[in-house]
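Tertiary structure, described
Letter by letter, the chains look like this.
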Amino acid sequence: MHVLPLRCVLCVSLAAAVTLHAADKPKAAPAAPAATDPYAEVQPATENLDLAMYQRIREEGLTHSHVMEFASALSDGIGPRLTASPNAKKANEWTRDTLTKIGLENAHLEDWGEFGMGWQQLNTWARMVTPDTAVLLVQATPWSPSTSGPVTGDVVAVTIQDEKDFDKYKGKLEGKVVLFGAMRDVPPVDKALFTRYTEKELEDLAEFPVNASAAGIPPEMQARLRERMERFRMIDKIAQFFADEKVAAVIEPSRGAPDGGGSGGTFFDDNGATLGRTPYLADKKVKVPVVVAAIESYGRLYRLTQAHAPCTVEINVETKFTGDHEHGYNTVAEIPGTDPKLKDQVVMLGGHLDSWIAGTGATDNGAGTIVAMEAVRILKTLGVKPRRTIRIALWTGEEQGLFGSKGYATEHFGSAKTATTPDQMQLPEFMRRATGPLEVKPEQKLISGYFNVDNGSGKIRGVYTQGNAAIAPIFAQWIAPLKDLGVTTITNRNTGGTDHLSFDAVGIPGFQFIQDELDYETRTHHSNEDVYERLQSADLRQIATVEAIFVYNAAQRDQMLPRKPLPNPEQEQKLREALPGIFPGAAAPEQK
């Protein structure tokens, strides 16, 4: 996913093991890996491409597409799909049943473990009562409790940055509607919110940067991580303080977006808005109602408080919790392989099925879900008999830390232990540093590769190799016949923030496509604008067609896709340490 760099760093550090259980019992995994070691296979210089199949896939995908039918059924018929919510359950069941209807086999749900509280928003509204009446644009933040019906309170702005700030508000907030968060600048929208990559931008993206921070986290990123962790440390205390003070409700301002996109009534309702680090856990449950407001609604209230003008708001938050120990599930289905020597090997594709709640999860990541479903529909409609098994997987828990794909990888492929030092235990599980060698399972050597879509609705312009330089010449040959569809760029750069990382972390080739950005970051990513109308039908047809071709090529090759060396987190840390004894005349430090 093309996201803020901080999220990339956080997701790359995922290494938490998840206990798994079978939901709908899948077929037993092969008992032993294939005889060929995928790390040792010699790759041919020239790919054997079936150009007739390229034509058939293009014809079906571009002129007989059903991708928008999938889109409406998912985003309109089911709606937002917060992990472990009733709608997530509906989406799991709908994808399982639909994949069965279009001809896939072994469609089932896999339980990746306990997540936390199930939750849904039933109704949220707010209005200013004095000094004037005005409708405010708000929604409940995920896992917010309800108000006790409509409640009215005086509005007060609260700023808490460190421990001493609590004293300023003790005994003063009971029954108040709290504005929590400084008013941000709202720049004019003087650039297009909807963009596509230029040829120059694609050329730049294809270049691999070698810089001083290539072997670690750059200083500016380290500073942002420290800032984020300080916010994590304070946020739970602030939430408890508001509960102890018996505030009526909390209103937070929506964050901004590039080029002024976080304005004009667009608001974002995700992890950055919740008043808690892990509000989905019962023992971390937020005890006061919290809503996020469009910046224009928030701004009027904020300015009135700064002018010390009387301001009163009536607010009603109606939400429903559906259990404290809900589990998360992935949807999995297959087109079985037919080659006696290769059918136990697997090519995977997918994206995350869960979403946030402000919109209907159409672009994030309904788009990735429906193009994966359309890709396998294309192959089934054409009667493809792949040499390797083709497996689609639709994940949940991605938005909270890649839980679904990480859990699947841990269960099927392997994992590394995570650090248990006091400083690491302060972090959320998905951010803890991996330690020790990667322990792999037999299935790990049977997965040729995984292809992921999670950059919204924009058409594919190329693919990130995730640092797998050996595959770049292969992909270059695959995309040559797709130049007229706009697919031109191969880059050895890494990209983060989504489920291909769970495969890369266990030594399996995992890839995210380069997609046109459109208005994904500026307007739809986690926002109330993440709806069907933001999907681009022609782009989605192109994505599904290209993804079907990539999956088909991987399934038909004589060899599995080339792999990077098996990750070893412990060894990686040692390799980055300074070489001892190379500075002339330097004395070894005394051992304490």
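See above for the structure.
Residues numbered from 1 in each chain as written. Predicted model: local features only at pLDDT ≥ 70, side-chain atom pairs only at ≥ 80, totals over all residues. Heavy atoms only, no water.

1. With respect to the overall build of the protein chain
Going by this rule: Here a strand is any run of E in DSSP of at least two residues, a helix any run of H or I of at least four, and the numbering for each starts at the N terminus. Only C-alpha atoms enter the radius of gyration, while the globule expectation follows 2.2 Å times N to the 0.38, with N the number of residues. A 1.4 Å probe rolled over the protein chains alone gives each residue an accessible area, and that area as a share of the maximum for its type sets the label: buried under 20%, exposed over 50%, partly exposed in between. Contact definition: two residues touch when any of their heavy atoms are within 4.5 Å. Within this scheme the basic residues Lys and Arg register as positive and the acidic residues Asp and Glu register as negative, but His and the chain ends are omitted. Lys charges are placed at NZ, Arg charges at CZ, Asp charges at CG and Glu charges at CD.
Helix and strand counts for the protein chain come out as 15 helices and 17 strands. Since a compact globule built from 592 residues should have a radius of gyration of about 25 Å, the 25 Å found for the protein chain is in line with a globular shape. Overall, the protein chain is about 75 × 75 × 50 Å in size when its C-alpha atoms are taken along their principal axes. Looking at the 592 residues of the protein chain, the share that counts as buried comes to 55%. Sequence separation of 24 or more characterises 87% of the internal contacts of the protein chain that already satisfy a separation of 6 or more. Separation between the mean location of the 62 positive side-chain charges and that of the 76 negative ones in the protein chain comes to 2 Å.

2. Digging into helix α14 (residues 537-556)
The condition is simple: What a helix is expected to span follows from its residue count: subtract one and scale by 1.5 Å.
Across its 20 residues, α14 extends 29 Å between first and last C-alpha, which sits within 8% of the 28 Å expected from 1.5 Å per residue. Of all 20 residues in α14, 16 are buried, a share of seventy percent or more.

3. A word on the nonpolar core
Note the following rule: Residue types Ala, Val, Leu, Ile, Met, Phe, Trp, Tyr and Cys, when buried and joined through side-chain atoms within 4.5 Å, form a set referred to as a nonpolar core.
Among the nonpolar cores identified, the biggest contains 62 residues, and Ile 392 and Phe 451 are the most heavily contacted of them. Of all the elements, α14 adds the most residues to this core, at 11 residues. If near-sequence neighbours (up to four positions away) are discounted, Ile 392 is found in contact with Leu 99, Leu 104, Thr 331, Val 332, Ala 333, Leu 349, Ala 372, Met 373 and Val 376. Within the second largest apolar cluster, 34 residues are counted, among which are Trp 112, Ala 126, Val 177 and Phe 403.

4. Examining the environment of Gly 149
For Gly 149, the position within the fold is in the loop between β4 (138-140) and β5 (151-158). Measuring from C-alpha to C-alpha, the distance between Gly 149 and Asn 316 comes to 5.8 Å, with 167 residues separating the pair along the chain.

5. Observations regarding the packing of helix α2 (residues 51-63) against helix α8 (residues 362-381)
For clarity, the cut-off: Whenever a helix is involved, its axis is fitted only over the stretch in contact; in every case the axis is a line through C-alpha atoms, and angles between N-to-C directions fall within 0 to 180 degrees. Should an angle lie under 35 degrees it is considered roughly parallel, over 145 roughly antiparallel, and from 65 to 115 roughly perpendicular; all remaining angles are considered oblique. Handedness of a crossing follows from how the near helix is turned relative to the far one, being left-handed for an anticlockwise turn of less than a right angle and right-handed for a clockwise one.
The geometry of α2 relative to α8 is characterised by a closest axis approach of 10 Å and an angle of 125° between their N-to-C directions. Comparing the axis directions of α2 and α8 gives the class oblique. The way α2 lies across α8 gives a crossing that is right-handed. The residues of α8 that touch α2, namely those facing Ile 57, Glu 60 and Gly 61, are Arg 377, Ile 378, Leu 379 and Thr 381.

6. Points about the side chain of His 526
To be explicit about the condition: Throughout this description, a polar contact denotes any pair of N or O atoms lying within 3.5 Å of each other; where both atoms belong to protein, one of them has to be capable of donating a hydrogen while the other can accept it, and for residues adjacent in sequence the pair is counted only when both atoms sit in side chains.
Assignment of secondary structure puts His 526 in the loop between α13 (520-524) and α14. Within the local environment of His 526, its side chain forms a polar contact with the side chain of His 525, the two groups lying 3.2 Å apart.

7. A word on the environment of Thr 465
Relative to the helices and strands, Thr 465 is located in the loop between β15 (460-464) and α11 (472-479). Measuring from C-alpha to C-alpha, the distance between Thr 465 and Glu 245 comes to 52 Å, with 220 residues separating the pair along the chain. In contact with Thr 465, other than residues within four places in its own chain, are Ile 471, Ala 472, Ile 490, Thr 491, Asn 492, Arg 493 and Phe 511.

8. Some thoughts on the packing of aromatic side chains
Applied cut-off: Side-chain rings of Phe, Tyr and Trp, where Trp is taken by its six-membered ring, are said to pair if the distance between their centres is within 6.5 Å; with planes under 30 degrees apart they count as stacked, over 60 as edge-to-face, and otherwise as tilted. Think of it as a cone above the ring: NZ of Lys or CZ of Arg counts as a charge over the ring if it is within 6 Å of the ring centre and within 35 degrees of the ring normal.
Enumeration over the complete set of coordinates arrives at 26 aromatic pairs. With centroids separated by 4.2 Å and ring planes inclined at 5°, the aromatic side chains of Tyr 450 and Phe 503 adopt a geometry described as stacked. With Tyr 450 in strand β14 (residues 447-452) and Phe 503 in helix α12 (residues 500-504), this pair connects stretches of sequence that are 53 residues apart. The two residues Tyr 450 and Phe 503 agree in class, both being buried. One cation-aromatic arrangement involves Arg 255 over Phe 268; the distance from NZ or CZ to the ring centre is 4.0 Å.

9. Notes on empty space enclosed by the protein
Definition in use: Buriedness for pockets is judged along seven lines, at least five of which must meet protein on both sides within 12 Å for an open set on the 1 Å grid over protein atoms alone, while cavities are sets there where a 1.4 Å probe fits but cannot get out, and lining residues have an atom within 4 Å of a point. Grid points are joined across faces, edges and corners, and a volume is the space filled by probe spheres set on the points. Side-chain classes follow a simple rule in which Ala, Val, Leu, Ile, Met, Phe, Trp, Tyr, Cys and Pro form the nonpolar group, Asp, Glu, Lys and Arg form the charged group, and the remainder, Gly included, forms the polar group.
Counted by the stated rule, this structure contains four cavities of 30 Å³ or more. Volume-wise, the largest cavity comes out at about 70 Å³. Lining the largest cavity are 13 residues, and of these Asp 504, Gly 507, Ile 508, Pro 509 and Lys 564 lie nearest its centre. For the lining of the largest cavity, a count of residues per class yields five nonpolar, five polar and three charged. Taken together, Ser 355, Trp 356, Ile 357, Ala 358, Gly 359, Gly 361, Asp 364, His 526, Ser 527 and Asp 530 make up the lining of the second largest cavity. A breakdown of the residues in the lining of the second largest cavity according to their chemical character gives three nonpolar, five polar and two charged.

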